[in-house]
Amino acid sequence: RDGLIFVISMWFLSRSVIVIGMQVIAPFLGSVPNFPPAVVGFVPKSGWELFSHWDGSFYTQIATLGYSYVNDGQPHSVAFFPLFPLLIRGLMALGMRADAAGVLINSSAFLAALVVVYFWVEERYDAGAAKWTVAVLAWCPFSLFCTVAYTEGSFLFVTTSALRAFERGEYMWAAFWGALTTATRGPGLALIPTFLLVAWSEKRPPLAYVAGVASALGIFSFSLYCAIRFGDALAFVHVQKGWEQASWFEIFKDFLRFRLYTRAKVVMVFGGCYLLWYLRKRLSLTIICFGFCSLALLITSGVLQSVDRCAYAIVSLSIGLGLLLAARPRWGYALMGLFALSLLQFAIKFASWVWVA
């Protein structure tokens, strides 16, 4: 009961900071100084629309009008996986507007993810580690994307549910949640090698391998849809060239020039690799494999514009940081204060159509 109250409190307080930043401060400021909005002349006004900027506009478009794709080197909505817009469409059928439905689904899924993470970490370690893990997930500035019309909250919920079920030997549930994961976002593919490697290393029963293979059903179904609708089974891959992407060489060059926006990318990805290696004797094989497989997928994908945000959605990293902060709570309090200020800043910028991650 105490753990559940803590989780709800962390979720409510952190989401309140986002709402205040987006619906009160951003409209009051009118625009963010020194950060021009992507939409020229845009001035934020309180309302649901502020939650659906950037990728959120694609998700609401898919839920309203369906997918679009032409192999012309331009951005198209087929780049975004189908589970989230399908859920939005379901709430729209009940009379809810698309952007409000996206916020409700993502925020609720994030709360559910925090609950699953808390009890999973508490089972494996203790209540202290579980609380710090939840605090990291709730207050990290990238948790903004667990409330706006994005898929981070949903992705964290389905991946965490799949990993926990697999660790507990509930392979049918692991397959179910795994299939939903690969229907939510491309990085969910990291579950497949994770399940297969852990099954082989720990000599698990054949059902463990079935869970790994069945996890691909989500992306396989989307690929089949693309083949039928657009004549290109990999349309969601080919469309990525429509977005301008930096290379790792450019990111490291800007990092050495002390460009702030590149520091998060380097720290989240390569710092995450070190964190998993440092804690390799404390973390379970499932958590470590998922972390490294996910990071390897991000590093080699070539889609680096939002690599820091994608790294946030790797639950293994938050569990690792939660274990560290449980042993060093003074560092944790200072970090949470910094996170809270950054979260507020992210919310204001996002509402003003300024790129965040």
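Since we're looking at a predicted model, the values are computed, not measured.

A. Representation of the overall build of the chain. For the chain, the count of helices and strands is 17 helices and 0 strands. The globule rule puts the C-alpha radius of gyration for 357 residues at 21 Å, and the 20 Å found for the chain is close to it. Structurally, the chain occupies a C-alpha span of about 60 × 55 × 45 Å along its principal axes. Across the 357 residues of the chain, 54% fall into the buried class. Across the chain, every contact between residues at least 6 apart in sequence was considered, and the portion connecting residues at least 24 apart equals 73%. By element, 68% of the accessible surface of the chain is carried by carbon and sulfur atoms, the whole surface being about 16100 Å². If the 26 positive side-chain charges of the chain are averaged to one point and the 17 negative ones to another, these points end up 5 Å apart.

B. Molecular detail of the environment of Ala208. Mapped onto the secondary structure, Ala208 falls in helix H9 (residues 206–214). Once residues lying within four places of it in the same chain are set aside, the contact partners of Ala208 are Phe166, Tyr171, Phe195 and Ala199.

C. Quick look at the packing of helix H5 (residues 127–139) against helix H17 (residues 329–351). Their axes nearest at 9 Å, the elements H5 and H17 cross at an angle of 20°. Taken together, the axes of H5 and H17 lie roughly parallel to each other. For the pair H5 and H17, the crossing hand works out as left-handed. Contacts between H5 and H17 involve Trp132, Ala135, Val136, Ala138 and Trp139 on the former and, on the latter, Pro329, Gly332, Tyr333, Met336, Phe339, Ala340 and Leu343.

D. Quick look at helix H8 (residues 191–201). For H8, the complete set of buried residues consists of Leu191, Ile192, Thr194, Phe195, Val198 and Ala199. The buried residues of H8 occupy an angular sector of 165° when the element is viewed end-on, so they sit on one face. Count one or two residues on from H8 and you reach Lys203, which has phi positive near 55°.

E. Highlighting the nonpolar core. Counting 95 residues, the largest nonpolar core has Met22, Leu144, Phe145, Phe166 and Tyr312 as the members making the most contacts within it. Ranked by the residues each element gives to this core, the list is headed by helix H4 (residues 98–124), at 10 residues. Setting aside its immediate chain neighbours within four residues, Met22 contacts Pro27, Leu50, Phe51, Leu144, Val148, Ala347, Phe350 and Ala351. Formed by 22 residues, the second largest nonpolar core is a distinct cluster that contains Phe58, Phe222, Phe236 and Trp243.

F. Looking closely at the environment of Leu180. Among the secondary structure elements, Leu180 is positioned in helix H7 (residues 171–182). The exposure class assigned to Leu180 is partly exposed, which follows from its relative accessible area of 23%. For the pair Leu180 and Ser215, spaced 35 residues apart in sequence, the C-alpha separation works out to 7.7 Å. When sequence neighbours within four positions are dropped, the list of residues in contact with Leu180 reads Leu83 and Val158.

G. Representation of helix H13 (residues 260–278) within the structure. For H13, built from 19 residues, the straight-helix expectation of 27 Å at 1.5 Å per residue is met to within 8% by its first-to-last C-alpha distance of 26 Å. At Gly271, H13 is bent by approximately 30°, the largest bend along its length. Looking at H13, one finds that the buried residues are Thr262, Lys265, Val266, Met268, Val269, Gly272, Leu275 and Leu276. On its buried face, H13 is in contact with helix H12 (248–256), helix H14 (285–301), helix H15 (307–312) and helix H16 (315–327).

Cut-offs used in this document
Residues numbered from 1 in each chain as written. Predicted model: local features only at pLDDT ≥ 70, side-chain atom pairs only at ≥ 80, totals over all residues. Heavy atoms only, no water. Helix = DSSP H or I, 4+ residues; strand = E, 2+ residues; numbered from the N terminus. Rg over C-alpha atoms; globule rule 2.2 N^0.38 Å. Buried < 20%, exposed > 50% of the residue type's maximum accessible area, 1.4 Å probe, protein only. Contact = heavy atoms within 4.5 Å. Areas by Shrake-Rupley, 256 points an atom, 1.4 Å probe, with all protein chains shown as cover. Lys, Arg positive; Asp, Glu negative; His and termini not counted. Charge placed at Lys NZ, Arg CZ, Asp CG, Glu CD. Axes fitted to C-alpha atoms, helices over the stretch in contact; angles between N-to-C directions. Parallel < 35°, antiparallel > 145°, perpendicular 65-115°, else oblique. Left-handed = near helix turned anticlockwise from the far one by under 90°. Arc of directions from axis to C-beta. Core = buried A, V, L, I, M, F, W, Y, C linked by side-chain atoms within 4.5 Å. Expected span 1.5 Å × (residues − 1). Bend = angle between axes of the 7 residues up to and from the residue.

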